[in-house]
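# Chains, contacts and geometry: an overview
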Amino acid sequence: MKAMRVLVPALALVLGASAAVAQPAKTLREQLVGTWDFVVAEITTADGKRNFPFGERPKGMLIFTADGHFSQVHVSGDLPRIASNNRLAGTDADNRAIVHGTLAQFGTYTVDEGKKMLTYHISASTFPNQSGVTQTRTIDLLTADEFRNTNPGVARDGPAVAANFYRRAK
């Protein structure tokens, strides 16, 4: 009887450990689900020049839902404050800086696990030319805490690669 009291817990421990090991790894899509804080966007042109379209200390977030929706907001960390305190009454210079320093979009997303590709199906964007567009990005790094993707088709600055860095929101 004493041997049975030792054997049963030991067997339960072994079975529990093997069940945990036997669980399949999360897919890239499952790993993306959640909220990510925007760290920085970096564009590198063909001649090696780098720039930061939202500054070196941007704000923002990227949210992926389990049912396939996403929402992204990128905001420059140094946007001007509007003196009138009325968002509709900014100066031309204020409005220009705000348009240049922000990008928001939402829609649905898909993931090609084999190619490590993330595709956004953009429903609407603060850059209206992106509404209804599909954009694909490579998943360069995806851990529990970090996500980096690149968009090799950036044409804003001529041939270039745009890299976006995120950290899991806590």
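These lines cover the structure that appears in this document, whether it is placed above or below. (Residues numbered from 1 in each chain as written. Predicted model: local features only at pLDDT ≥ 70, side-chain atom pairs only at ≥ 80, totals over all residues. Heavy atoms only, no water.)

Across its full length, the protein chain holds 3 helices and 9 strands. What you see in the protein chain, going N to C, is helices and strands ordered as α-α-β-β-β-β-α-β-β-β-β-β. Across the 170 residues that make up the protein chain, the buried fraction comes to 29%. The long-range share in the protein chain, meaning contacts at least 24 apart out of those at least 6 apart in sequence, stands at 48%. Surface accessibility of the protein chain: about 10,800 Å² in total, with carbon and sulfur atoms responsible for 59%. (Helix = DSSP H or I, 4+ residues; strand = E, 2+ residues; numbered from the N terminus. Buried < 20%, exposed > 50% of the residue type's maximum accessible area, 1.4 Å probe, protein only. Contact = heavy atoms within 4.5 Å. Areas by Shrake-Rupley, 256 points an atom, 1.4 Å probe, with all protein chains shown as cover.)

Before going further, it helps to spend a moment on the packing of aromatic side chains. Per the stated rule, a full pass over the model turns up 8 aromatic pairs. With a centroid separation of 5.7 Å and 50 degrees between ring planes, the pair formed by Trp36 and Phe147 is classed as tilted. Placement of the pair is Trp36 in strand E1 (residues 34-45) and Phe147 in strand E8 (residues 146-154), with a sequence separation of 111 residues. For the pair Trp36 and Phe147, one class covers both residues: buried. Ring centres of Phe38 and Tyr166 lie 5.7 Å apart, and the angle between their planes is 40 degrees; on these two criteria the pair is classed as tilted. Residue Phe38 is located in strand E1, and its partner Tyr166 is located in strand E9 (residues 160-168); the two are separated by 128 residues in the primary sequence. The burial state of Phe38 is the same as that of Tyr166; both residues are buried. Through successive ring pairs, a cluster of aromatic residues spans Trp36, Phe38, Phe54, Phe64, Phe70, Tyr109, Tyr120, Phe147 and Tyr166. (Phe/Tyr/Trp six-rings, centres within 6.5 Å; stacked < 30°, edge-to-face > 60°.)

Turning next to the pairing of strand E6 (residues 117-125). With 8 bridges connecting them, strand E5 (residues 102-112) and E6 associate as antiparallel partners. What sits directly across from Thr108, in E6, is His121. In terms of strand pairing, E6 meets strand E7 (residues 134-142) through 5 bridges, oriented antiparallel. Across the sheet, Tyr120 pairs through a bridge with Gln135, a residue of E7. (Pairing = 2+ DSSP bridges.)

Its volume calculated, the second largest pocket comes out at about 190 Å³. The wall of the second largest pocket is formed by Leu79, Pro80, Arg81, Ile82, Asn85, Asn86, Arg87 and Ile98. Residue composition of the lining of the second largest pocket, by class: 4 nonpolar, 2 polar and 2 charged. (1 Å grid on protein atoms, 1.4 Å probe; cavity = no way out; pocket = protein on both sides within 12 Å on 5 of 7 lines; lining within 4 Å. Points joined across faces, edges and corners; volume = space filled by probe spheres on them. Nonpolar A, V, L, I, M, F, W, Y, C, P; charged D, E, K, R; others polar.)

Before going further, it helps to spend a moment on the side chain of His74. You can see His74 is positioned in strand E4 (residues 69-75). The exposure class of His74 is buried, given its relative accessible area of 2%. A distance of 2.8 Å separates the side chain of His74 from the side chain of Tyr166, its partner in a polar contact. Excluding anything up to four places from it in sequence, His74 contacts Phe38, Phe54, Lys59, Gly101, Thr102, Leu103, Asn164 and Tyr166. (Polar contact = N/O pair within 3.5 Å; in protein donor to acceptor, adjacent residues only side chain to side chain.)

The next point concerns the nonpolar core. Counting residues in hydrophobic clusters, the biggest one holds 19 residues, and the most contacted among them are Leu32, Leu62, Phe64, Leu118, Tyr120, Ile139 and Phe147. Elements represented by at least two residues in this core include exactly helix H2 (28-32), E1, strand E3 (59-64), E5, E6 and E7. If we skip the residues at most four places from it in the chain, Leu62 touches Gly34, Thr35, Trp36, Phe70, Ser71, Gln72, Tyr120, Phe147 and Tyr166. (Core = buried A, V, L, I, M, F, W, Y, C linked by side-chain atoms within 4.5 Å.)

Time to look at unusual backbone geometry. With a phi close to 65 degrees, Asn85 is a non-glycine residue in the positive phi region. Relative to the elements of secondary structure, Asn85 occurs in the loop between E4 and helix H3 (92-100). Taking the relative accessible area as the measure of exposure, Asn85 reaches 70% and is therefore exposed. The phi dihedral of Lys116 falls on the positive side, at around 55 degrees, and the residue is not glycine. Position of Lys116 relative to the elements: it lies in the loop between E5 and E6.

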